[in-house]
Each structure stands twice: as structure tokens, then as C-alpha cells.
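# Structural overview
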Amino acid sequence: MAAIAERRQGRVVERDWKGGRGFALRFYVNGERQYVTLGSEAEGWTRKAADEELENVLADVRRGIWVAPKKKKARHMVEAETVEETLFGPFAEGLVARRRGEVSERQSEYDSWGLGHLLPYFGNWPLNEIDSEAVDDFRRSKLAESERRQKAIERRRPLRADSGQPLRPFAPTTINKMIGVLQLVLEVAREYGRVAGANAAVGRRRMKVPPKPAIYLESAAQIEALLEAAVELDRDHRRTLGDRLAVVSTLVFAGPRAIEIGYMQRRDADPANDRFFIGRSKTQAGLREVRMLPIVRDHVAAHLAASPNADPDDLLFANDAGNRRDKDSIRLLLKPVIARANALLAARGQRTLPKGLSPHKLRHTFASILIACGEDPAAVMAQLGHTDPHFTMRVYTHMMSRDPAERQRLKALVRGERVIAVPAPEPVPLDGAAYEGAILRALADRGGSATRAEVIAAVATKLADLHGPADLERLPSGRDVRWVQRLAKARLKMVRRGLMMRGSGRGRWELTANGAAKLVPPAPTVPAREREALAA
């Protein structure tokens, strides 16, 4: 009842400032809480004057003519800045800006995301006025916003962001993350002396999140179906990516986080010594060495041998453009593999993959595999890059309750005894590296520059004996055959590597000096004895 009365009547807030006793007003306008600082006793304010001002403000609110006053940047009668004058918006933005470079890039993006939700609500609030009631009001406002988004989706007219993306309802964990960023800002403000008392965002301000069941690929049949699906998609000449098997195998049998696998370089994979190095992670414990199990060793070794880039600093699993894959692109790579694996399992009458499977959930599978292979919990924690033993012990307890025969099947799969046998479509399309050499030779024979049509004709003649049905198949558009499309992609890669000119005239392909040097044979080495004889 007191809270309802305050919403209708507002109240005067009295604070002890450094410059003396101060007065402010708290009231509601259209359901939104407002806070207006009046001034201190040194400026002539009294409790009676503050009460009269509150009545005037509430009258303006009822008539609909109240306008929020502009915030003052400084107070002439106050000796020093007080907590009342420190607004949440400028303080939080400054804090996030200062943390850049001190925290990871991902953490900095997370902080900025949180401010994107906090600033519209708390931006003009004095830090010292953000109490438990304010945090609860913010949480309720986000629940109301989430409900509006859900109703818009049900009406088939979803609300959209500035980018055009539909706005989805907030999950309880999402709202809790917003409050977590608020907690960070208030805690730093408290340490700096800008907030008195306890942190209002700590405690029972969070929403209850229903527990979710752990997701594992707990049978060898499910894991093998996932790998078989990756093989099929890799060998499908209609798809551009060819490293799904190596990526999926690494996720399942080495357990990197999605962001970690994106940063891995060729030097980080050492099949000869059966180990991976995880050199970039979100935690210090995440920097680790992972034992390379036999099955993933074979897949990664084959991937390294097939990759045309031999520089140890090259990305291990780069995308088509040679750039780093982020967690979203890893998720997109996995999506068709999961769909195809489910189709294989359904056709065999076996249980399909669990719903919600993601690159991160495959880390759970890796933990299960290690435990099935006899690893103790401490070793599992080290290879996962964990410091909290609770997750590892949950997985350990779960796996030890499984059928011993299933654990033996997992061991056999890890050793590579259950061989994946999916017939590859014949013939296999010609590798892209062959087109690079043919382009270089065709341009060099024509003085370093030629039209696109001339290059296509020269390459067609040079590779005629190597092109098979898969290369000569026409595209769905009917305009070109598939090998011409691969030729164009090879040219783009050569432009990025500095072998061909980027700004040549329309329809012309032209070599750079680096590209021409690729075709110049190295000068023959003359033994020292012969050099001396020639000099004499």
C-alpha cells in the first residue's frame, strides 16, 4: 500500500551531501520513476520548500505539462562533487571504455551489450538512488517488454531492431545478464565512493531460471552418425566447404570452445606427437594442451595434408575467404551436419540427436568420452580447461551409470576401430589449387594480362584431361559449368594473396610482380669449388 501511495503522491528525499543537507523529489510519470534534485540548504532549500515544489510538480504531472528539467553539469554552491551528482549513464559508459584493453574483446562486447539495455532506463539516474526497488522495477520493465515482443510475434507482426532483425522475447538468463552488468557498474561505483551502502543488484534481484537437462552425445552410434554426415557433406561437390569432418571431429574429440577453435593455427595441431595446443581462451585455465585421440588425429592429419596453405601461422580452420570463423559461423557449419545425422539415425531406426545440440554442448560429449576411456576427473578438468569440479563430477557420475558395453563401444570408436564407410561420389571434383597454377601459366604465356574469356579457354585446354563429370556439370542457372565457378573463386583467392591485380580493367585478369615471380624458377646453386674456379 505504501508503494502505491508513493506512486500517486511522490515523496521528498533528504540526503546529507558534502555541501550540507540536500533535497530531491521522487515521483512517477506515466509509470516511469523520476528523480529530480532540488538543491542544498546552502542554496536556500528547506523541507517546507521541497514539499511545496513536490505539490507543484505533481500538479503539472496531472495536467500533463510536466517537463523533465535539464541536468546541471556543476553546482556552484557545493564544495565538491557528491554522489547525488554522479549519473549512471556517464559513469557506466566511462567504465566500459576504460575496461577496453584490460578485459577480453568478448567481455568488452558483453559489457556494451548490457549497457544498451541499462542506459535507456538508468541513464539519467544518480547512482546513489539506484536501490533494490529500482532494480526490481527494471526487471519488471524488461518482462513487460518481453511480453510485448511475444504478442507481436503471435500477431505475425514482430517488432524489429534498427538492423531489421526481429526482436525476440527475453529469456530469464538474458535479463539476469543485464542485471549482472548493472551489478558490475554499481560495485565499481561503490569502490570509488560514488555509492553508499550495499550493491542493490546483488542478492534476490535475479529471475529464477528453470534447470535444463544436460545434453550429451552419449552413444557411439550418435557420434558416428555425426561424423558420417560430415563426410557426406564434405564430399558433396555442390557445397563449397570441405573441412566439416575435421571441425566436427575436433569439437567432439578435443573439446575446444567455439571461439577457441576459430583462433587455432596450423602450428597448434601436432598429430605427430598426439596433441593440440589451445593458446587463446576466455580464461587462464583455458590455455592448455589437449591429448589428441587417435580418431581425431587421423582426421586432422588428413585436413592438414589437403590444405594448400602450409604456413604454420595460418588458421587451422579458416573460412572460404581465409578469415577466422567465429562462434556463429561454427554453429552454422554444424547445423546441416546435425540435420543429415538425424536423417541417417532415423533411417536406421535409432535414436536421433538430442535437441539443442550446439558446438558448446559437444564439450560435454568430449568429457563423456574421456571418462569412458578411463580418465580421472582431474585429467578431464585439465583437458576441458575448467577450474570448477562440479560439472566434471556430474558428467563422471552420469557416464559411470551407463551400460559398460556402451562405454566399450565409445573406446572402440576413439581408437578408430569402427571405420566410417560412406561411399564418395565419383569422380571427385578437381582441387582448387590446380586452377591457380593454370591461371598463372595462362597469364604468363600472354604477357601477364589477358581477358577472362582467354584465360577460361586456356585453362579448359590445359585441364581437359583432368576434368570429370563433376567438373563439367552445369550450374542450376545454366550459365556456366562448375569448374568455371571454381576458377573464379581461385582468382579471388589469388587477388587476396597479392598474386593478381585487384583493379584491372573490366573483364581483364592481370598478374602482379609476386604472381609473375611464382613462375620464375630459382637460380641454380653453384658449389663453392666451381665458383672459385670460375673466378680464377
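Residues numbered from 1 in each chain as written. Predicted model: local features only at pLDDT ≥ 70, side-chain atom pairs only at ≥ 80, totals over all residues. Heavy atoms only, no water.

### A closer look at the overall build of the protein chain
Summing up its helical and strand segments, the protein chain has 21 helices and 8 strands in all. For the protein chain, the residues scored as buried account for 41% of the 536 residues in total. Summed over all atoms, the accessible surface of the protein chain reaches about 29,900 Å², with 51% contributed by carbon and sulfur. (Helix = DSSP H or I, 4+ residues; strand = E, 2+ residues; numbered from the N terminus. Buried < 20%, exposed > 50% of the residue type's maximum accessible area, 1.4 Å probe, protein only. Areas by Shrake-Rupley, 256 points an atom, 1.4 Å probe, with all protein chains shown as cover.)

### Focus on the packing of aromatic side chains
The tally for this structure, following the rule as stated, stands at 10 aromatic pairs. Ring geometry for Tyr121 and Phe122: centres 4.8 Å apart, planes at 75 degrees, overall edge-to-face. The exposure class assigned to Tyr121 is partly exposed, which follows from its relative accessible area of 24%. Residue classification places Phe122 among the buried residues on the basis of a relative accessible area of 0%. Judged by centre distance (6.2 Å) and plane angle (5 degrees), the ring pair of Tyr435 and Trp483 falls under stacked. Of this pair, Tyr435 sits in helix α16 (residues 432-445) while Trp483 is found in helix α19 (residues 482-496), placing the two residues 48 residues apart along the sequence. Taking the relative accessible area as the measure of exposure, Tyr435 reaches 0% and is therefore buried. Taking relative accessible area as the criterion, Trp483 reaches 6% and is therefore assigned buried. Every member of this aromatic cluster is reached through a ring pair, and the members are Phe88, Tyr121, Phe122, Trp125 and Phe138. Looking at Arg324, its charged tip hangs above the ring of Tyr263, at a distance of 4.2 Å from the centre. (Phe/Tyr/Trp six-rings, centres within 6.5 Å; stacked < 30°, edge-to-face > 60°. Lys NZ or Arg CZ within 6 Å of the ring centre and 35° of its normal.)

### Thoughts on the pairing of strand β5 (residues 275-278)
Side chains of β5 alternate between two faces, with Phe276 and Ile278 buried and Arg275 and Phe277 left unburied. Alignment of strand β4 (residues 269-270) against β5, held across 2 bridges, turns out to be antiparallel. Counted as the bridge partner of Ala269 is Phe276 from β5. The hairpin turn running from β4 into β5, its antiparallel successor, is 4 residues long, and Asp274 in that turn takes a positive phi close to 55 degrees. Examined bridge by bridge, β5 and strand β6 (residues 288-291) share 4 bridges and lie antiparallel to one another. (Pairing = 2+ DSSP bridges.)

### Focus: the sheet that holds β5
As summarised here, the arrangement of the 3 strands in space is β4-β5-β6, forming an open sheet in which the pairing is antiparallel. One side of each edge strand has no neighbouring strand; the edge strands of this open sheet are β4 and β6.

### A closer look at the pattern of salt bridges
Under the counting rule described, the total for this entry stands at 27 salt bridges. Of the charged contacts, one joins Glu232 and Arg340 as a salt bridge, the two residues approaching to 2.7 Å between their closest N and O atoms. With Glu232 in helix α7 (residues 220-234) and Arg340 in helix α11 (residues 327-347), this residue pair connects regions lying 108 residues apart in the sequence. Among the charged side chains, a network of salt bridges with common partners joins Glu14, Arg21, Arg47 and Asp51. (Salt bridge = Lys/Arg side-chain N within 4 Å of Asp/Glu carboxyl O.)

### Some remarks on the environment of Leu118
Relative to the elements of secondary structure, Leu118 occurs in helix α4 (residues 105-122). Judged by its relative accessible area of 0%, Leu118 is buried. Here the alpha-carbon distance between Leu118 and Val181, two residues 63 residues apart in the chain, equals 8.5 Å. Setting aside chain neighbours within four positions, we find Leu118 in contact with Phe88, Gly123, Phe138, Met178, Val181 and Leu182. (Contact = heavy atoms within 4.5 Å.)

### What to know about the environment of Asp445
With respect to the helices and strands, Asp445 occurs in helix α16. Residue classification places Asp445 among the exposed positions, given a relative accessible area of 54%.

### Brief notes about helix α6 (residues 172-191)
Spanning 20 residues, α6 covers 29 Å between terminal C-alpha atoms, matching the ideal 28 Å at 1.5 Å per step. For α6, the complete set of buried residues consists of Ile175, Asn176, Met178, Ile179, Val181, Leu182, Val185, Leu186, Val188 and Ala189. Residues of α6 that are buried in the fold lie against α3 (88-99), α4 and α5 (132-154). (Expected span 1.5 Å × (residues − 1).)

### Focus on the nonpolar core
In terms of nonpolar packing, the biggest core is built from 57 residues, with Ile223, Leu226, Val248, Phe253 and Phe276 touching the most fellow members. Take this core: its biggest share by element is 9 residues, from α7. Excluding anything up to four places from it in sequence, Ile223 contacts Leu217, Val252, Phe253, Thr365, Ile369, Leu410 and Leu413. Ranked by size, the runner-up nonpolar core spans 27 residues in total, among them Leu118, Trp125, Met178 and Leu182. (Core = buried A, V, L, I, M, F, W, Y, C linked by side-chain atoms within 4.5 Å.)

### Focus on the environment of Leu287
Counting through the fold element by element, Leu287 comes out in the loop between β5 and β6. Separated by 27 residues in the primary sequence, Leu287 and Glu260 place their C-alpha atoms 9.6 Å from one another.

### As for unusual backbone geometry
Despite not being glycine, Arg156 shows a phi value in the positive range, around 60 degrees. If you trace the backbone, Arg156 turns up in the loop between α5 and α6. Judged by relative accessible area, which is 76%, Arg156 ranks as exposed. Residue Asp274 is not a glycine yet carries a positive backbone phi of 55 degrees. You can see Asp274 is positioned in the loop between β4 and β5.

### What about the confidence of the model for the protein chain?
Here the protein chain shows a mean pLDDT of 80. Residues at 70 or above account for 81%. Mean pLDDT in the protein chain bottoms out at helix α21 (residues 528-535), which sits at 50, and peaks at α3, which reaches 92. Within the model, pLDDT remains below 50 along residues 73-84, and this stretch shows 25 contacts once partners closer than five positions in the same chain are excluded. Every residue in residues 419-426 scores below 50 in pLDDT, and together they form 12 contacts with partners more than four places removed in sequence or on other chains. (pLDDT = per-residue confidence, 0-100.)

### A word on the pairing of strand β2 (residues 20-29)
Within β2, 8 of the 10 residues are buried, which leaves it mostly tucked inside the rest of the structure. Of the pairings in the sheet, the one linking β2 to strand β3 (residues 32-40) comprises 8 bridges and is antiparallel in character. Note on β3: the bridge partner recorded for Phe23 is Gly39. Counting the residues between successive antiparallel strands, the hairpin from β2 to β3 contains 2 residues, one of them, Asn30, with a positive phi of roughly 55 degrees.

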